[in-house]
Amino acid sequence: MQFYKRKFLTTIAVAISTLMLSASCEQLGLTEDDDDTDLLVLLGIALTPESCSGTCKMFLTSSVPSRNIGLTGLDNVCNSDANKPSGNIAFKALVTHSTDRIACTTANCSGGVSENVNWVLKPNTKYVRSDGTTEIFTTNSSGIFPFGTANDGIVDPATNGIPTGLHIDWTNDLNCSDWSGAGSYEIGAPEELGVDMISLESPTSCGSDLSGILRLACVEQ
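Since we're looking at a predicted model, the values are computed, not measured. (Residues numbered from 1 in each chain as written. Predicted model: local features only at pLDDT ≥ 70, side-chain atom pairs only at ≥ 80, totals over all residues. Heavy atoms only, no water.)

J.: Could you clarify how one ought to interpret the sheet that holds strand β2 (residues 91-93) in this entry?
T.: Whenever strands of a sheet pair, they do so through backbone hydrogen bonds, lying parallel or antiparallel. Read from one edge of the open sheet, 5 strands run β2-β9-β1-β3-β4, paired in mixed fashion. Each edge of the sheet is formed by a strand with only one pairing partner; in this case those strands are β2 and β4 (135-138). Averaged over neighbouring strand pairs, the angle between their axes works out to 30° when direction is ignored. Taken together, the 3 bridges between β2 and strand β9 (residues 217-220) define a ladder with antiparallel strand orientation. Opposite Ala-93, over in β9, you have Cys-218 as the bridge partner. Sitting on the sheet, helix α3 (residues 70-80) touches β1 (55-60), β2 and β9, and the angle it makes with β2 is about 135°. (Pairing = 2+ DSSP bridges. Helix = DSSP H or I, 4+ residues; strand = E, 2+ residues; numbered from the N terminus. Axes fitted to C-alpha atoms, helices over the stretch in contact; angles between N-to-C directions. Contact = heavy atoms within 4.5 Å.)

In C-alpha cells:
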C-alpha cells in the first residue's frame, strides 16, 4: 500500500512540476520580490522571466565585457551582473548586430517600427533607472527616442562610455565584427541626454576586451 501511495504522490509532484516548468510569476500569483520564487528555483522549477510593459528598467553593468563573446555573451553579462535589479527579469545589451539586432535600417527609422529586428527598446515605452522611478526617456512608435526628449542619463556621474555599435541616427555602425572579432566599435556616453548617449561617432579599436569601456547598458525585456 505504501508503495502505491509513494508512486501516486511522485506522479502528482512530477505533473505539477511539468505544468510549472515554464510558468511566469504572474501565472503563479507571485511577485518579483516574493520569497516563494526562491523556493521554486530551489525546486528546479524554471520561471519564465516577466515581460515589462509601459515602463521598463535600464542599468549599467559593473563589469567590463569582453569583445569576443558575441551578442549572446553580452546579453549574458547583463543577466549575471551584480548591478542587475532583483526579480525574475530578463535584460539584453543595448548594442546592435549586423543581422540579429537592428534598431533602424534608415535614418531614425523613417519606415517605422517594421525596421526593428530583435531590437531591445519597445515602442511607446518609458525607460527608467533600476530604482524604478528615475525616467531616462520614452520611446516613440519606432522604438527609439527622439534626441532632446530624454529626461535624464542612463547613469550619473559620467563614465568612460558604453559600447553600442550605433550611428547617431540609430542605424548600425562598427561593432567589433558583431562583438566576436577585431576591428572597431562605436561608443555612447550614458550620462548624456542627446545623441552622445548612443554614439560619439568616434570609433574605438577593439582589443582583448572593450578597452576604455567600463560598463554595458542593459535593457529590460
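J.: Which parts of the structure should I look at to understand the pairing of β9?
T.: Side chains on a regular strand alternate between the two faces of the sheet. Of the two faces of β9, the one carrying Ala-217 and Val-219 and the one carrying Cys-218 and Glu-220 are both buried. Sheet analysis places β1 next to β9, joined by 3 bridges and oriented antiparallel. Counterpart to Phe-59 in the pairing with β9 is Cys-218. (Buried < 20%, exposed > 50% of the residue type's maximum accessible area, 1.4 Å probe, protein only.)

J.: Help me understand the environment of Gly-183, please; the structure alone is not making it clear to me.
T.: Within the secondary structure, Gly-183 is located in the loop between α4 (176-179) and β6 (184-185). Separated by 23 residues in the primary sequence, Gly-183 and Cys-206 have C-alpha atoms spaced 5.5 Å apart. The contact partners of Gly-183, leaving out residues within four places of it in the chain, are Thr-204, Ser-205 and Cys-206.

J.: I would appreciate a short explanation of the environment of Ala-182 in the present structure.
T.: Residue placement: Ala-182 occurs in the loop between α4 and β6. Here Ala-182 falls in the exposed class, since its relative accessible area comes to 52%. With 24 residues separating them along the chain, Ala-182 and Cys-206 place their C-alpha atoms 5.6 Å apart. Discounting residues that sit within four places of it in the chain, Ala-182 has contacts with Arg-67, Cys-176, Ser-177 and Cys-206.

J.: Even after reading the chapter, I still don't get the state of the cysteines, so can you show me in this structure?
T.: Covalently bonding the sulfur atom of one cysteine to the sulfur atom of another cysteine gives a disulfide. Taken as a whole and judged by the stated rule, the model has 4 disulfides. What pairs with Cys-52 in a disulfide is Cys-56, and their sulfur atoms sit 2.0 Å apart. When the S-S torsion is 95°, as for the bridge of Cys-52 with Cys-56, the disulfide is right-handed. Since its relative accessible area comes to 0%, Cys-56 is described here as buried. With cysteine numbering restricted to those in disulfides and following the sequence, the protein chain has the pairing 1-2, 3-8, 4-5, 6-7. (Disulfide = S-S within 2.5 Å.)

J.: Would you mind showing me how to read the side chain of Ser-142 here?
T.: Along the chain, Ser-142 falls in the loop between β4 and β5 (162-163). Its relative accessible area of 9% is what places Ser-142 among the buried residues. Excluding its chain neighbours within four sequence positions, the residues that come into contact with Ser-142 are Cys-109, Gly-112, Val-113 and Asn-116.

J.: Help me understand the confidence of the model for the protein chain in this model?
T.: Any region with low pLDDT has predicted coordinates that should not be read closely. For the protein chain, mean pLDDT is 82; residues scoring 70 or higher make up 76% of the total. Counting contacts from residues 2-44, a segment whose pLDDT is below 50, to residues more than four positions away or on other chains yields 43 contacts. (pLDDT = per-residue confidence, 0-100.)

J.: Please explain the pattern of salt bridges as it appears in this structure.
T.: One pass over the structure, following the stated rule, counts 3 salt bridges. With a closest N to O distance of 2.8 Å, Arg-101 and Asp-75 form a salt bridge. Remark: Asp-75 occurs in helix α3 and Arg-101 occurs in the loop between β2 and β3 (126-128); sequence separation between them is 26 residues. As far as the burial class goes, Arg-101 and Asp-75 line up, both buried. The salt bridge partner of Arg-129 is Asp-156, with a shortest N-O separation of 2.9 Å. With Arg-129 in the loop between β3 and β4 and Asp-156 in the loop between β4 and β5, this residue pair connects regions lying 27 residues apart in the sequence. The exposure class of Arg-129 is buried, given its relative accessible area of 16%. Residue classification places Asp-156 among the partly exposed residues on the basis of a relative accessible area of 45%. Overlapping salt bridges, with partners in common, bring together Arg-129, Asp-152 and Asp-156 in one network. (Salt bridge = Lys/Arg side-chain N within 4 Å of Asp/Glu carboxyl O.)

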